[in-house]
Amino acid sequence: IIVLFALFMVFPGFGQDSITEDIRSLYQRNEFDSLIEKYAQDYQDLGDSALHYLGLSYYNTEDDENCLHFLKLSLAKDSNNPEAYFYTGMTHNYMSNYDKAINAFLTAIEFNSEDGKSHCGLGDSYYNQEKPLKALVAYQNAVHTKEVPDRAYMMIAQIYTNMGSDAEALKSYYLAK
């Protein structure tokens, strides 16, 4: 008993690490419902990564409220996670909460300005608010990142088409993949 107690004192995060690894494994195997069923009820002691995967599992099952709840809990433990801000923004976009989405995407971009998905999500928020010039800037920023979402090229062309700038739209369509 003393040996076990000593091991738990030396390795206090061991149990937590194995739980997080199980959660990560379930997530990577796309077993979102199993992950949620197994861990969502007793989450109070989970770390930021485990909470993050719970949030993403809810995202993938289209449960927006729980997605936001668990991403918020994850960010409370680690506020430097750009991916959590990105998925918070995406979820707010789906819920038509564009101002909240914009704030989340801007925060994600502050942490990782090379994330084309966050720039593209920001563009989607502005586009849905009918702010085409702000959307255009966000999409243009997306195409200057390392991993460019194809959507950015298409949305640039769409905005130019909507503005009646057919020559610019055509150039953008040619750049689209």
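The rules behind these values
Every chain begins its residue count from 1, and numbering advances along the sequence as written. With the structure being a predicted model, the display of local features is reserved for residues of pLDDT at least 70 and the display and counting of side-chain atom pairs for 80 or more, all residues being used for whole-chain, interface and lining totals. No hydrogens and no water enter the side-chain calculation; it runs on all heavy atoms of the structure. Numbering goes from the N terminus for both helices and strands, where a helix is a DSSP run of H or I of at least four residues and a strand is a run of E of at least two. Based on C-alpha atoms, the radius of gyration is set beside the globule rule, defined as 2.2 Å times the residue count to the power 0.38. Think of it this way: Lys and Arg go in the positive column, Asp and Glu in the negative one, and His and the chain ends go nowhere. Just so you know, the charge point we use is NZ for Lys, CZ for Arg, CG for Asp and CD for Glu. Exposure categories follow from relative accessible area, calculated using a 1.4 Å probe and restricted to protein chains: below 20% of the type maximum is buried, above 50% is exposed, and the middle band is partly exposed. We call two residues in contact whenever any of their non-hydrogen atoms come within 4.5 Å of each other.

**Q** Whenever I open this one, the overall build of the protein chain confuses me. Can you help?
**A** Helix and strand counts for the protein chain stand at eleven helices and zero strands. Taken against the 2.2 N^0.38 rule, which gives 16 Å for 177 residues, the C-alpha radius of gyration of the protein chain at 20 Å runs more than 25% over that of a compact globule. Side chains of the protein chain carry 13 positive and 25 negative charges; the gap between the two charge centres is 5 Å.

**Q** Is there a simple way to explain the side chain of T91 in this structure?
**A** With respect to the secondary-structure elements, T91 resides in helix α6 (residues 82–94). By relative accessible area, T91 is classed as buried at 0%.

**Q** When you look at the environment of I36 in this model, what are you seeing that I'm missing?
**A** By secondary structure assignment, the location of I36 is in helix α3 (residues 32–39). Sequence-wise, I36 and I23 are 13 residues apart; in three dimensions their C-alpha atoms are separated by 9.2 Å. Residues contacting I36, with those up to four places away along its chain left out, are L54, S57, Y58 and T61.

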